[in-house]
Each structure stands twice: as structure tokens, then as C-alpha cells.
Amino acid sequence: VQLQASGGGLVQPGGSLRLSCAASGSIFSINAMGWYRQAPGKQRELVAAITSGGSTNYADSVKGRFTISRDNAKNTVYLQMNSLKPEDTAVYYCNADVILPPDLNEYDYWGQGTLVTVSS
């Protein structure tokens, strides 16, 4: 199983970016999917998560600005980031709890990270 993240880049404060992360491989289903970020010198933190049923939760710092969504048919999770601030600068990682055949156990996978830089 691989998670391929894309969509990072350089954006000015107040701008928007949309991150995508597609899971591929021999997948039975995916439970929770999420986005984490790690800024220089800081610990990795949860940004947003979404269950297979669509329930979401967000870090307080991004509520009202970021929106997480997923396409279960495509095994893909998205993060729409609006009103970006310099403090949102970080490497963003996607995460997925994947159910694998044939044992149908849950395994935790991470994407490779995509850099988001918010700067004028």
C-alpha cells in the first residue's frame, strides 16, 4: 500500500491550497484518514481527520479555514486550506488506517509529505 500526497507549494498569506492523498495497492477498505503537519523544530500534530462515514475533527488552529473530505471510491483524502497564515507553514503528511485482505486487520500508513510554505 502506498499513500501519494500532492498539492503543496508556496502561497501568499490569505491564499488557498488543496492537498490530495491517494491510497493505492491491495486495499479492502479504509477507516479513518487524516492530515498531520510538522513545522521546523516542532512535533508532528494532527490537522484534520475524517472517518469512513464522513465524521470530521479539526485542530483548533485550523477550524473554519481548512476542510477535510474524502472520496471513498478513489481511496483519496483532500484538505482544502483557505485563509492560509505563515504559521501554517509545515510539511503536511497524510495518514490512513487501511484494512488489508485477507486477514482484514487494520494497518497504519503514512504518505511521503508535501511542503506548504505560506510567505509573502
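Okay, so let's go over this structure. Since the structure is predicted, the reported quantities are computational estimates derived from the model, not experimental observations. Once a new chain begins, its residue numbering starts again from 1 and follows that chain's sequence as written. Local features in this predicted model are restricted to residues whose pLDDT is 70 or higher, and side-chain atom pairs enter the listing and the counts only when it is 80 or higher, whereas totals over whole chains, interfaces and linings include all residues. Hydrogens and waters are ignored; side-chain quantities use all the structure's heavy atoms.

The term salt bridge refers to a side-chain nitrogen of Lys or Arg lying within 4 Å of a carboxyl oxygen of Asp or Glu. For the coordinates displayed, the defined rule picks out four salt bridges. Here Arg37 ties to Glu45 by a salt bridge, and the two come within 2.7 Å at their closest N and O atoms. We note a salt bridge from Asp60 to Lys63, for which the minimum N-O separation is 3.1 Å. Assigned by exposure class, Asp60 and Lys63 land together as exposed. Categorising residues by exposure relies on relative accessible area from a 1.4 Å probe, with only protein chains included: less than 20% of the type maximum marks a residue as buried, more than 50% marks it as exposed, and the intermediate range marks it as partly exposed.

Another aspect to go through is the nonpolar core. Definition used in this section: a nonpolar core is a set of buried Ala, Val, Leu, Ile, Met, Phe, Trp, Tyr and Cys residues joined via side-chain atoms within 4.5 Å. If you look at the biggest cluster of nonpolar residues, it comprises 31 residues, and the most contacted ones within it are Trp35, Val47, Phe66, Leu79, Met81 and Tyr92. What counts as a helix is a DSSP run of H or I of at least four residues, what counts as a strand is a run of E of at least two, and both are numbered from the N terminus. Broken down by secondary-structure element, the contributors of at least two residues to this core are strand 1 (2-6), strand 3 (17-24), strand 4 (29-38), strand 5 (45-50), strand 7 (66-71), strand 8 (76-81), strand 9 (90-100) and strand 11 (114-118). The element contributing the most residues to this core is strand 9, with six residues. In contact with Tyr92, other than residues within four places in its own chain, are Leu19, Trp35, Tyr36, Arg37, Val47, Phe66, Leu79, Met81, Gly113, Thr114 and Val116. Note on contacts: a residue pair qualifies if any of its non-hydrogen atoms lie within 4.5 Å across the two residues.

So, on to the state of the cysteines. Any two cysteine sulfur atoms lying within 2.5 Å of each other are counted as a disulfide. Under the defined criterion, the tally for this structure stands at one disulfide. The disulfide partner of Cys21 is Cys94, and the gap between their sulfur atoms is 2.0 Å. One disulfide, between Cys21 and Cys94, carries an S-S torsion of 55° and so falls in the right-handed class. Placement of Cys21 in strand 3 and of Cys94 in strand 9 is noted, with a sequence separation of 73 residues between them. Owing to a relative accessible area of 0%, Cys21 belongs among the buried residues under this scheme. Owing to a relative accessible area of 0%, Cys94 belongs among the buried residues under this scheme.

With that settled, the discussion passes to the side chain of Thr76. Looking at where Thr76 falls in the secondary structure, it is placed in strand 8. Here Thr76 falls in the buried class, since its relative accessible area comes to 7%. Apart from residues lying up to four places away in sequence, Thr76 is in contact with Cys21, Ala22, Met33, Ser69, Arg70 and Asp71.

What follows is about the pairing of strand 8. Judged by how many residues are buried, strand 8 sits mostly within the fold: five of six residues are covered. Being paired, for any two strands, means DSSP has found at least two bridges between them. As defined by bridge partners, strand 3 adjoins strand 8 across six bridges and the pair is classed as antiparallel. Bridging from a neighbouring strand, Leu17 pairs with Met81 of strand 8. Connecting the antiparallel pair strand 7 and strand 8 is a turn made up of four residues, with Asn75 showing a positive phi of about 50°.

Strand order in the open sheet formed by four strands is 1-3-8-7, with antiparallel pairing between adjacent strands. If you trace the sheet from one side to the other, it starts and ends with strand 1 and strand 7, each paired once. Averaged over neighbouring strand pairs, the angle between their axes works out to 15° when direction is ignored. Two strands pair when backbone bridges link them, and strand 1 and strand 3 are joined in this way by five bridges, in the antiparallel orientation. From the neighbouring strand, Gln4 faces strand 3, where its bridge partner is Ala22. As a rule, the C-alpha atoms of each element are fitted with a line to give its axis, helices using only the stretch in contact, and angles between N-to-C directions run from 0 to 180 degrees.

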